[in-house]
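Inside the fold
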Amino acid sequence: MVQKVIPLDVISRVPRPSPEQSSGGCSSGGCSSAVAKSPDLPEHIREKIKEHPCYNEDAHHFFSRIHVAVAPACNIQCNYCNRKYDCSNESRPGVVSERLTPDDAVRKVKAVAAAMPNLSVVGIAGPGDALADHKRTFETFRMLRETMPELTLCLSTNGLALPDHVETIRELGIHHVTVTMNAIDPEIASKIYAWIFFGHERRTGVEASRILIERQLQGISMLTEAGVLVKVNSVMIPGVNDHHLEEVNAEVKRRGAFLHNIMPLISDPAHGTHFGLTGQRGPTPAELKELQDHLGSDAKLMKHCRQCRADAVGLLGEDKGQEFGLDLLPEEPQVDGEARRAYRAIVDREREDRRREAADAAAAVRQYAPEEPILVAITSKGGGRVNQHFGHAKEFQIFEVSSNGTRFVGHRRADRYCRGGEGEEDVLDLTIAALEGVTAILTAKVGRCPRQRLAEAGFDVFDDVGLDYIETAIARWLVERASEHGVAVRSA
Ligand code: CLF
Ligand code: SF4
């Protein structure tokens, strides 16, 4: 019963014609990751990232990942982590609901693949370090490789043990490895790490940081030489390493890293971390964007990371983990290969369709967008479309729009405004604050009350988008704005 399991709510829409103004002309003004879209990307790498939601921004609209929490131990102590919480490398702080044995992990992956044909990647990202107890990690990957070879395997590590395991990573066909690296200067790193456990002893201070950095850099070089795609995650910590991340970016690129993901420090005293308890703040969205803009388009930056939990399930930004607790899983989940193939065929058509519409939309953007960039917030539950109601959004995708084109620049978290049919006014205040600097909100639908409050706060709210692709919706809004407000039309 293919139709029952394909997540049509993600990819379906109300068909409507393109606006007359947006047809004709062509540009690369689409919103996908610049790295994934590079024409220089060899075909075998393009194939490796086609369905990886983290390595390819375009893929994250369509494909899901599951993290299996089989790795509770850690061999270092980061000042932004409390062991009672998820690994901050790859997750937002919050307890992992269940720690899994390798057998449990395989059963859970099968159950998720049976229910979600868009599942493409299995990651091990904690809740500790995936290589601190490498046996559990590799046993899980080995069993998955045998039982579900179509899934992409992905590993995340702090890098301390990495050089010892590159050969096994290569043997197991793990093509994607993330190394969290916050500094290449041991003095700076010593402000981020309390200790490391190496050579059968605990080490601290600059010496510990020097060892960690050497091992991280060595591991990155070994992986890239072995043909593994490496993503480097760095936590941006204002006043500690923010001005140093440009050097980190240059060094990891020199060693062949495919992507660099700069994530904001999450620092809440309630999480009990060293940074949280000592008042170290995280960067604002504007500070993060300023750094990303400063690094420029050659920096190979990932901008769509959601800092997910170590037991996350689903599209990036959503978490269906609660639906797949061990006690809810069938003993023998049956994966429907036909449903998986059918979903991919639909996605191929959708991607082609979106590419075409984005090219049309780019002409309208060139014509109607202001020269100075503005920020537009989108509500989406996947498929690259504006297909989520404002009241259901827990995050907004942010696009920068100017006469030069449209580009994805990140996301802002919010809380759900609509609860049980009622709007939460306090939540709306927080959302308004989170969307600071944004000009317009494009959404599938918004109620009368929140629309009014948002308008009073200065946002242009537009919900006449008919579940359009994001690029088309932005073009439609620009055209509408031009006709309503008499914005000057520039020649294309
Ligand atoms: Fe997981 Fe990480 Fe693999 Fe992705 S997450 S192990 S690379 S499959 Fe992705 Fe989550 Fe960001 Fe990580 S959004 S925290 S970058
Ligand atoms: Fe925590 Fe991960 Fe750092 Fe270990 S590597 S201390 S689990 S954030």
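Everything numeric in this text was worked out from a predicted model, so none of it was measured. (Residues numbered from 1 in each chain as written. Chains lettered and ligands numbered in written order. Predicted model: local features only at pLDDT ≥ 70, side-chain atom pairs only at ≥ 80, totals over all residues. Heavy atoms only, no water.)

When helices and strands are tallied, the protein shows 16 helices and 18 strands. Within the protein, the fraction of its 492 residues that count as buried is 58%. Summed over all atoms, the accessible surface of the protein reaches about 20,600 Å², with 49% contributed by carbon and sulfur. (Helix = DSSP H or I, 4+ residues; strand = E, 2+ residues; numbered from the N terminus. Buried < 20%, exposed > 50% of the residue type's maximum accessible area, 1.4 Å probe, protein only. Areas by Shrake-Rupley, 256 points an atom, 1.4 Å probe, with all protein chains shown as cover.)

Next up on the list: the pattern of salt bridges. For the structure shown, the criterion picks out 28 salt bridges. With a shortest N-O distance of 2.9 Å, Arg254 and Glu251 are connected by a salt bridge. With Arg254 and Glu251 both in helix α10 (residues 245–254), this residue pair falls three residues apart, about one helical turn. The class of Arg254 is exposed, set by a relative accessible area of 61%. With relative accessibility at 15%, the residue Glu251 sits in the buried group. Between Asp463 and Arg451 there is a salt bridge, with its nearest N and O atoms 2.9 Å apart. Here Arg451 lies in helix α15 (residues 448–456) and Asp463 lies in the loop between β18 (460–462) and α16 (470–485), a separation of twelve residues in the sequence. For Arg451, a relative accessible area of 30% gives the class partly exposed. (Salt bridge = Lys/Arg side-chain N within 4 Å of Asp/Glu carboxyl O.)

Taken in spatial order, the five strands of this open sheet run β14-β13-β12-β17-β18, and their pairing is mixed. Pairing within the sheet leaves two strands with one partner each, and these edge strands are β14 (405–413) and β18. The sheet shows a mean angle of 25° between the axes of neighbouring strands, taken without regard to direction. As paired strands, strand β17 (residues 438–442) and β18 are joined by three bridges and run parallel to one another. When the sheet's bridge partners are listed, Ala440 is paired in β18 with Asp460. Across the sheet, helix α12 (residues 285–295) is in contact with β12 (374–378), β13 (395–402) and β14; its angle to β14 comes to roughly 140°. (Pairing = 2+ DSSP bridges. Axes fitted to C-alpha atoms, helices over the stretch in contact; angles between N-to-C directions. Contact = heavy atoms within 4.5 Å.)

The next thing to look at is the packing of aromatic side chains. The full count for this structure, using the stated rule, is five aromatic pairs. A centroid spacing of 5.9 Å and a plane angle of 50° characterise the contact between Phe390 and Phe396, whose relative ring orientation is tilted. As far as burial versus exposure is concerned, Phe390 and Phe396 are alike and both buried. With a centroid separation of 6.1 Å and 50° between ring planes, the pair formed by Phe390 and Tyr417 is classed as tilted. A residue pair is termed long-range when its members are at least 10 positions apart, and Phe390 in the loop between β12 and β13 and Tyr417 in the loop between β14 and β15 (418–419) qualify at 27 residues. Tyr417 carries the same exposure label as Phe390, and that label is buried. By the ring-pair criterion, three or more aromatic residues cluster together here, those being Phe390, Phe396 and Tyr417. For the cation-ring pair, Arg202 lies above Trp195, with the distance from its terminal atom to the ring centre recorded as 3.9 Å. (Phe/Tyr/Trp six-rings, centres within 6.5 Å; stacked < 30°, edge-to-face > 60°. Lys NZ or Arg CZ within 6 Å of the ring centre and 35° of its normal.)

What follows is about the nonpolar core. If you look at the biggest cluster of nonpolar residues, it comprises 90 residues, and the most contacted ones within it are Val68, Tyr80, Val109, Ile174 and Phe258. Here this core takes seven residues from helix α9 (residues 205–225), the largest share from any one element. Contacts of Phe258, omitting those with residues within four sequence positions, involve Val35, Leu41, Ile45, Ile49, Tyr55, Leu229, Val230 and Lys300. Counting residues in hydrophobic clusters, the runner-up holds 24 residues, among them Phe399, Phe462, Ala475 and Trp477. (Core = buried A, V, L, I, M, F, W, Y, C linked by side-chain atoms within 4.5 Å.)

Okay, the sheet that holds strand β6 (residues 193–198) next. Judged by pairing direction, the sheet is antiparallel, and its three strands sit side by side in the order β2-β6-β7 without closing on themselves. Looking at strand neighbours, the two that pair on one side only are β2 (76–78) and β7 (201–204), the edges of this open sheet. Averaged over all pairs of adjacent strands, the angle between their axes in this sheet comes to 20°, without regard to strand direction. Pairing geometry for β2 and β6, over three bridges, is antiparallel. Across the sheet, the residue bridging to Ile76 is Ile196, located in β6.

Glancing now at the confidence of the model for the protein. Mean pLDDT over the protein stands at 87; residues scoring 70 or higher make up 89%. Of the regions scoring below 50 in pLDDT, residues 1–32 engages in 82 contacts with residues more than four places distant in sequence or in other chains. (pLDDT = per-residue confidence, 0-100.)

Moving on to the packing of helix α14 (residues 425–434) against α15. Put simply, α14 and α15 touch, their axes get as near as 11 Å, and they point 35° apart. The crossing of α14 and α15 is right-handed. Residues Glu425, Leu428, Asp429 and Ile432 of α14 form the contact with α15, whose own contacting residues are Pro450, Arg453 and Leu454. (Left-handed = near helix turned anticlockwise from the far one by under 90°.)

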